[in-house]
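Listed here are the chains, written in short residue letters.
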Amino acid sequence: MLEDSEQEDYSDGTISEEDESDEDTFVKFVSEDLHRSALLTADSISYPSFPRTTQILLEYRLGRWVPRLREPRDLYGVSSSGPLSPTRWPYHCEVIDGKVQHIDWTPPYSEPMYIPTGLEIEPLYPNSKEDTVVYLAEDAYKEPYFMYSRVGGTRTSLKQPVDNCDNTLMFEARFESGNLQKVVKVAEYEYQLTLRPDLFTSRHTQWYYFQVTNTQAGIVYRFTIINFTKPASLYSRGMRPLFYSEKEAKAHKIGWQRIGDQIKYYRNNPEQDGRHSFSLTWTFQFPHNKDTCYFAHCYPYTYTNLQEYLSSISNDPVRSTFCKIRVLCHTIARNMVYVLTIATPLKTADSRKQKAVILTARVHPGETNSSWIMKGFLDFILGDSSDAQLLRDTFIFKVVPMLNPDGVIVGNYRCSLAGRDLNRNYTSLLKELFPSVWYTRNMIRRLMEKREVILYCDLHGHSRKENIFMYGCGGGDRCKALYLQQQIFPLMLSKNCPDKFSFSACKFNVQKNKEGTGRVVMWKMGIRNSFTMEATFCGSALGKKRGTHFNTKDLESMGYHFCDSLLDYCDPDRTKYYQCLKELEEMKKHTNLEKVPDDSAINTCMKEITLELESSSQGSDSSESSDSQTYLLKLTSQIKTKIKHLKTKKERNAAIKCHQNPRKEQGVQGQMHQMIIYLIMSEDSSLIKSWGKYLDKPLLGFQKDT
């Protein structure tokens, strides 16, 4: 057992409240007690000598009632004494019988990204009544908002519109974390797919995970998903879909692998309201006839996977001694949100001096890569290595491995069953609507009253950028020393895994539209090192892994590197710490110097600004700003803020003309002038400030004039 203070953290005033209202737990204990003998609780009789409480049981022995205390509740949620808690679905969701399982397998080589040939086509499908609908799941639209949940959802059968005796592929996604709404057969071997938006919303079509059966080997099939909403996608940068074959798994022990040819991500024709959606198309040949196969956006990691993992910890006589699993709260669908407390059991007063580290993941259910990083972290911290033992001796870890189990179960990409992004509601007081983030914030607040929290990290996935990186807090207006100190841990992480983690992609600022995120709320509560770790859905653009996809082992290794960097950060020998601090000071001086970047830097800048502008109207990933890259605002002190003057078309044309070179510009200089013209046309002062240091002096003069 941990010390008394940590026992208080377990309860946190929330577990007992949740368990008191948990009907399944109540029935379990009552049935066990009645099995032993006839029992009554003290509040069930009117007798002045007994207090009215449910914690005293009256057992009938030898002709009289004998009082005794009730056995302690099983607060673990997972226990060797009983089965796992069954998953609860919205009552109207159709769920097939059987459990989908996949083997754990790592490719023997790094899987390369797709290189476009220039011959990829962009299929456009006009609506036709002659096309055959082969899959249609309409259960998601039976209710406008969440009503109540049921174990297993509704199991009414969904008949396929076509006979599976022909060569038509059969599709299915009514299983845990599955997502597919509609499939139309547009040609003999060509299928048009539509994803289901997050339940009780009309947005967030990104995550897909579905089953395909009745396959034929050697046939080139084309699949096109037609309703993505993000203009920018990693599929445009070489990302391939994931594929799993049950026959390959059984015969050759091969699991998820990257596949696909003629991969293309493109914009569709405008819809009636003028909006554009986007499509992903690819071709593929199945390896076997009559196989059961799966396609997915990223490696699936379900709520059941988590429960099985936690159950293995609970049943382990060694790991269970220093890893205590509790139920933090229940979701609105009554699924359990677990919290793990990991530390060496200590009974001395020195244990109260231990600092705390907090990790959370899966607030966005479609970002499954965050669960694989979390698994790697837990595998290491619960291991028998000397470093793991040192970490458990030094810190108390509070871990919430899955903040949004409801969204994970139903196959959402971003939202909970409240139809809201939980990572924008850490400031909300609506405990009943956003229980997991409310109880997490409350747990951290109570923990901070007893000990220092040295680091908070929320794990996420990123859909538009490569590599792994972090978002931190702070800004140029704060103390310079504190601002740089917040960057030391990410810099150490980049040095420990240079082929995966990109420090140059990290950002350290707080934007107004991110004030409800976990990262910002914990920072404002007083946690100096408050981060979001973003892991790409694709792969690396760094070092030896450049141009290859991340697999599950790559993601799990980030959990180990996180622990390794934590040891470096808290090493009593502060040499590495001050070396990194000095390096950050040099980097800051370097970025403040005005210089013209080389060709590669210009090309990177052009790509980044285009990416940011394209995605600005579509929302953002977990913590990234959809505005311009405000972390580059180094010229604020040089440029006075003025009221923006709206220029006439004549004035804009004149400004463009004065910046155009009479001769055709070539190379870097030409690209510089293209950037100048683009910024002037945009009349976006924040962009002009951000990119001014890369551009010619006349642009700064133009900004001052405006």
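The structure we're discussing is the one just above.
Keep in mind it's a predicted model, so treat the numbers as computed, not measured.

With respect to the overall build of the chain
Part 1: The helix and strand tally for the chain stands at 20 helices and 26 strands.
Part 2: Put simply, the chain has 706 residues, and 56% of those count as buried.
Part 3: Split by element, the accessible area of the chain, about 31800 Å² in all, is 52% carbon and sulfur.

Some points on the sheet that holds strand 9 (residues 190-194)
Part 1: Read across the sheet, 6 strands follow the order 5-8-9-11-15-14 without closing on themselves; strand pairing throughout is mixed. This sheet does not close on itself; its edge strands, each paired only once, are strand 5 (132-136) and strand 14 (261-267). Taken over all neighbouring pairs, the strand axes of this sheet differ in orientation by 20° on average, direction set aside.
Part 2: Across 4 bridges, strand 9 lies against strand 11 (residues 220-228) in parallel orientation. By the bridge assignment for strand 11, Tyr191 is matched with Phe223.

Observations regarding the packing of aromatic side chains
Part 1: Considering all chains together, one arrives at 45 aromatic pairs under this definition.
Part 2: Taking 6.4 Å as the distance between ring centres and 25° as the angle between the ring planes, the aromatic pair formed by Tyr303 and Tyr338 counts as stacked. With a gap of 35 residues between them, Tyr303 in helix 5 (residues 303-314) and Tyr338 in strand 18 (residues 336-342) connect regions that are remote in the sequence. Taken as a pair, Tyr303 and Tyr338 share a single burial class, namely buried.
Part 3: Look at Phe469 and Tyr471: their rings are 5.5 Å apart centre to centre, the planes differ by 70°, and that puts the pair in the edge-to-face class.
Part 4: The class of Phe469 is buried, set by a relative accessible area of 0%.
Part 5: An aromatic cluster of at least three residues, connected via ring pairs, comprises Phe171, Tyr189, Tyr191, Tyr208, Phe210, Tyr221, Phe223, Phe243, Trp282, Phe284, Phe286 and Phe295.

Re the sheet that holds strand 18
Part 1: Taken in spatial order, the 8 strands line up as 17-18-20-19-21-24-22-23 in an open sheet, and their pairing is mixed. In the strand order of this sheet, the two ends are held by strand 17 (323-330) and strand 23 (507-508), each with one partner.
Part 2: Note that strand 19 (residues 355-361) and strand 21 (residues 453-462) share 6 bridges and pair parallel. Opposite Leu359, over in strand 21, you have Cys457 as the bridge partner.
Part 3: Those strands touched by helix 8 (residues 386-394) are strand 18, strand 19 and strand 20 (395-400), and its axis lies near 95° from that of strand 20.

Brief notes about the nonpolar core
Part 1: Counting 126 residues, the largest nonpolar core has Phe171 and Phe295 as its most contacted members.
Part 2: Of all hydrophobic cores here, the second largest spans 23 residues; its members include Val337, Tyr426, Ile444 and Met522.

Quick look at a nonpolar patch on the surface
Part 1: Residues Tyr145, Met147 and Tyr148 make up a contiguous nonpolar surface patch of about 340 Å² in total accessible area.
Part 2: Checked against the element boundaries, Tyr148 lands in the loop between strand 5 and strand 6 (149-151).
Part 3: Residue Tyr148 is classed as partly exposed on the basis of its relative accessible area, which comes to 42%.

Looking at the packing of helix 10 (residues 435-448) against helix 13 (residues 518-525)
Part 1: Their axes nearest at 11 Å, the elements helix 10 and helix 13 cross at an angle of 25°. Judged by the angle between their axes, helix 10 and helix 13 are roughly parallel. Crossing handedness for the pair helix 10 and helix 13: right-handed. Of the residues in helix 13, those touching helix 10 at Arg441, Ile444, Arg445 and Met448 are Val521, Met522 and Met525.
Part 2: Among the residues making up the contact of helix 10 with helix 13, the classes are represented as 5 nonpolar, no polar and 2 charged.

Some points on helix 8
Part 1: Considered for burial, the residues of helix 8 that qualify are Ala388, Leu391 and Arg392. Along the axis of helix 8, the buried positions cluster into a sector of 95°, meaning they face one direction only.
Part 2: Those residues of helix 8 that are buried lie in contact with helix 6 (319-322), strand 18, helix 7 (369-381), strand 20 and helix 14 (552-569).

Observations concerning the side chain of Thr344
Part 1: Counting through the fold element by element, Thr344 comes out in the loop between strand 18 and strand 19.
Part 2: Judged by relative accessible area, which is 15%, Thr344 ranks as buried.
Part 3: Here Asp393 takes part through its side chain, which lies 2.5 Å from a polar atom of the side chain of Thr344.

Looking at the pairing of strand 18
Part 1: Of all 7 residues in strand 18, 7 are buried, a share of seventy percent or more.
Part 2: Residues Met336, Tyr338, Leu340 and Ile342 of strand 18 are buried on one face, and the alternating residues Val337, Val339 and Thr341, pointing to the opposite face, are buried as well.
Part 3: Bridge count for strand 17 against strand 18 is 7 bridges, and the pairing is antiparallel. If you follow Cys329 over to strand 18, its bridge partner there is Val337.
Part 4: Linkage of strand 17 to strand 18, two consecutive antiparallel strands, is achieved through a turn of 5 residues, within which Arg334 is found at a positive phi near 70°.
Part 5: In this sheet, strand 20 lies alongside strand 18 in antiparallel orientation, the contact comprising 3 bridges. What sits directly across from Thr341, in strand 20, is Lys398.

With respect to the pattern of salt bridges
Part 1: If you walk through the whole model with that rule in mind, you get 16 salt bridges.
Part 2: Between Lys576 and Asp568 there is a salt bridge; the shortest N-O distance is 3.2 Å.
Part 3: Under the relative-accessibility criterion, Asp568 is labelled buried at 10%.
Part 4: Within the structure, one salt-bridge network assembled from shared partners comprises Lys375, Asp379, Lys553 and Glu556.

Re helix 15 (residues 575-592)
Structural remark: α-helix, 3.6 residues per turn; residues separated by three or four positions point the same way.
Part 1: Its 18 residues place the ends of helix 15 26 Å apart at the C-alpha level, agreeing with the 26 Å of an ideal helix rising 1.5 Å per residue.
Part 2: What helix 15 keeps buried is the set Tyr577, Cys580, Leu581 and Leu584. With its buried residues spanning 100° around the axis, helix 15 presents them on a single face. Turned more than 90 degrees away from the buried face of helix 15, the exposed residues are Tyr578, Gln579, Lys582 and Lys589.
Part 3: Buried residues in helix 15 make contact with helix 11 (480-485), helix 12 (488-496) and helix 14.

Brief notes about the side chain of Asn179
Part 1: Along the chain, Asn179 turns up in the loop between strand 7 (170-172) and strand 8 (182-187).
Part 2: In terms of polar contacts, Asn179 uses its side chain to reach the backbone amide nitrogen of Arg196, at 3.0 Å.
Part 3: Engagement of the side chain of Asn179 in a polar contact is seen with the backbone oxygen of Gly411, the distance being 2.9 Å.
Part 4: Apart from the residues within four sequence positions on either side, Asn179 is in contact with Ala173, Leu195, Arg196, Trp207, Tyr208, Tyr209, Phe210 and Gly411.

Quick notes on the rules
Residues numbered from 1 in each chain as written. Predicted model: local features only at pLDDT ≥ 70, side-chain atom pairs only at ≥ 80, totals over all residues. Heavy atoms only, no water. Helix = DSSP H or I, 4+ residues; strand = E, 2+ residues; numbered from the N terminus. Buried < 20%, exposed > 50% of the residue type's maximum accessible area, 1.4 Å probe, protein only. Areas by Shrake-Rupley, 256 points an atom, 1.4 Å probe, with all protein chains shown as cover. Pairing = 2+ DSSP bridges. Axes fitted to C-alpha atoms, helices over the stretch in contact; angles between N-to-C directions. Phe/Tyr/Trp six-rings, centres within 6.5 Å; stacked < 30°, edge-to-face > 60°. Contact = heavy atoms within 4.5 Å. Core = buried A, V, L, I, M, F, W, Y, C linked by side-chain atoms within 4.5 Å. Patch = residues over 30% accessible without salt bridge, like charges linked within 9 Å, V, L, I, M, F, W, Y side chains within 5 Å. Salt bridge = Lys/Arg side-chain N within 4 Å of Asp/Glu carboxyl O. Parallel < 35°, antiparallel > 145°, perpendicular 65-115°, else oblique. Left-handed = near helix turned anticlockwise from the far one by under 90°. Nonpolar A, V, L, I, M, F, W, Y, C, P; charged D, E, K, R; others polar. Arc of directions from axis to C-beta. Polar contact = N/O pair within 3.5 Å; in protein donor to acceptor, adjacent residues only side chain to side chain. Expected span 1.5 Å × (residues − 1).

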